[in-house]
Amino acid sequence: NGAIIVATVVLARWLGVTSMVVGVLIGAVLLVAIQLPGLRDALPRLAFDIRHPAIRSIFVLYVPIFIGLFANTFGQVIDRSLAWNASEDALGAMRYATTLQQLVLGLVATGISLGALPALSRQAEAADEEGFRATLSAALRMTTVLIAPATLGLLALAKPLVDVIFRHGATDEQSASLIVLALVWYIPGTFFQAYDQLLINAFYARRNTLTPQLVGVAAVLLYIGFEIALVGRFGMVALVGAISVQWTFHALVMFWLGRHFLGPAEHRAFRRTLAVCLGVSVAMAAIAWGAATGLARVLPGPALVREVLTLLVPVALGAACYAWGVTRLGVDEFADLARRFTTRLRPALRR
């Protein structure tokens, strides 16, 4: 990402949009180069033994993933085709809203699911069911602690967030409103997709790539049917709503199929964490929305300063409300997260 930005700033005058392509190429090279030192003791050697058992195992595990990727690509082609006909700015609004939605998923879901995968894989390989249940349960609860306030906060502050990031230049009030609308309809699916990524990795850790992909194909068919049936009446909202329906369906089915991964105690712990975090997040979102609405009416000064304060002050109030609520109600995962954060921050502050 940094390479794209630098290449665009430095080379746009001479290369135009091609400067971004150069940035992508440089960034791809850097992605490999940065990771090579960490693999210096385990760099692969070229081998052409296609009969090796590992090759057969990789192929067997990959075939269902290929089918799932193909189904997703087909769904995206249908989605883009319908988006072009939904409204003039639908495609752009969906793309910008997706940027914000993916930021939340990247910070929460992707980080936790990838962090848990090595431990889940080791425990599944060693048939350590108790350890597998404990790791998955902890990851589900940690996901809940982060995704509940992130999604409800995004819902409450969608407008000030879009104003600060996108409502400049060619993006006018009407265009910004479309981005907000798309973002709001993405949020239910974002909440469930955070769990879905973790559950998919739990199945992968047990060398089961077929089940998630079969569910994925069913979800894509549901998504396409939802879009085709409703896009003529609801336009862009039907397209975004269909994506949320797809993610929600996939996550709920994966929860049901993987219900035996957790024992009764882990199920109870997860339900309690979910109830507490959702309850506190609703109160947090109400406070943040109220603060943003009030500040937008009374704050003086330049437009950009007003927009930034209308976003940052409610974020701070909401974060304080959430931290106080989950701490008082005994959500251990939040306390552990705060403790780890301060432990890592303290040496940096001393320097």
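For the structure, see preceding data.
Report on the accompanying structure.

Scoring rules and cut-offs
Residues numbered from 1 in each chain as written. Predicted model: local features only at pLDDT ≥ 70, side-chain atom pairs only at ≥ 80, totals over all residues. Heavy atoms only, no water. Helix = DSSP H or I, 4+ residues; strand = E, 2+ residues; numbered from the N terminus. Rg over C-alpha atoms; globule rule 2.2 N^0.38 Å. Contact = heavy atoms within 4.5 Å. Areas by Shrake-Rupley, 256 points an atom, 1.4 Å probe, with all protein chains shown as cover. Lys, Arg positive; Asp, Glu negative; His and termini not counted. Charge placed at Lys NZ, Arg CZ, Asp CG, Glu CD. Phe/Tyr/Trp six-rings, centres within 6.5 Å; stacked < 30°, edge-to-face > 60°. Buried < 20%, exposed > 50% of the residue type's maximum accessible area, 1.4 Å probe, protein only. Lys NZ or Arg CZ within 6 Å of the ring centre and 35° of its normal. Axes fitted to C-alpha atoms, helices over the stretch in contact; angles between N-to-C directions. Left-handed = near helix turned anticlockwise from the far one by under 90°. Nonpolar A, V, L, I, M, F, W, Y, C, P; charged D, E, K, R; others polar. Parallel < 35°, antiparallel > 145°, perpendicular 65-115°, else oblique.

### Some words on the overall build of the chain
Helices and strands together make up the secondary structure of the chain, namely twelve helices and zero strands. Counting from the amino terminus, helix and strand elements in the chain follow one another as α-α-α-α-α-α-α-α-α-α-α-α. A compact globule built from 351 residues should have a C-alpha radius of gyration of about 20 Å, and the chain, at 23 Å, falls within 12% of that. Judged by the C-alpha coordinates and their principal axes, the chain covers about 70 × 55 × 55 Å. For the chain, the proportion of contacts with a sequence separation of at least 24, taken over those separated by at least 6, is 77%. For the chain, the accessible surface area stands at approximately 20400 Å², while carbon and sulfur atoms represent 69% of it. Here the chain carries 28 positive and 19 negative side-chain charges, and the mean point of each set is 6 Å from the other.

### Details of the packing of aromatic side chains
Per the stated rule, a full pass over the model turns up ten aromatic pairs. Each ring, one from Y186 and one from W247, has its centre 6.1 Å from the other, and the planes form 25 degrees; the classification is stacked. Pair noted here: Y186 is in helix α7 (residues 173-205) and W247 is in helix α9 (residues 236-257), with a separation of 61 residues, a long-range link. By relative accessible area, which is 3% here, Y186 ends up buried. Geometrically, the ring pair formed by F191 and Y195 is edge-to-face, given 5.4 Å between the ring centres and 75 degrees between the ring planes. Separated by four residues within a single helix, F191 and Y195 lie in helix α7, roughly one turn from each other. The residues F191 and Y195 share a single accessibility class, namely buried. One cation-aromatic arrangement involves R206 over F132; the distance from NZ or CZ to the ring centre is 4.6 Å.

### Observations concerning the packing of helix α1 (residues 2-15) against helix α2 (residues 18-35)
Relative to each other, α1 and α2 sit at 145 degrees, their axes nearing to 7 Å. Classified by chirality, the crossing of α2 by α1 is right-handed. Two secondary-structure elements touch here, α1 through A3, I4, A7, T8, L11, A12 and L15 and α2 through T18, S19, M20, V22, G23, V24, I26, G27 and L30. Per-class residue counts for the contact of α1 with α2 are eleven nonpolar, five polar and no charged.

### Description of the packing of helix α6 (residues 158-165) against α7
The relative placement of two packed helices comes down to the angle between their axes together with the axis-to-axis distance. Contact geometry of α6 with α7 gives a least axis separation of 9 Å together with a crossing angle of 130 degrees. With respect to α7, the element α6 is oriented oblique. For the element pair α6 and α7, the recorded crossing hand is right-handed. Note on element contacts: α7 touches α6 through E173, A176, I179, V180, L183 and V184, opposite A158, K159, V162 and D163. Of the residues belonging to the contact of α6 with α7, the class tally is seven nonpolar, no polar and three charged.

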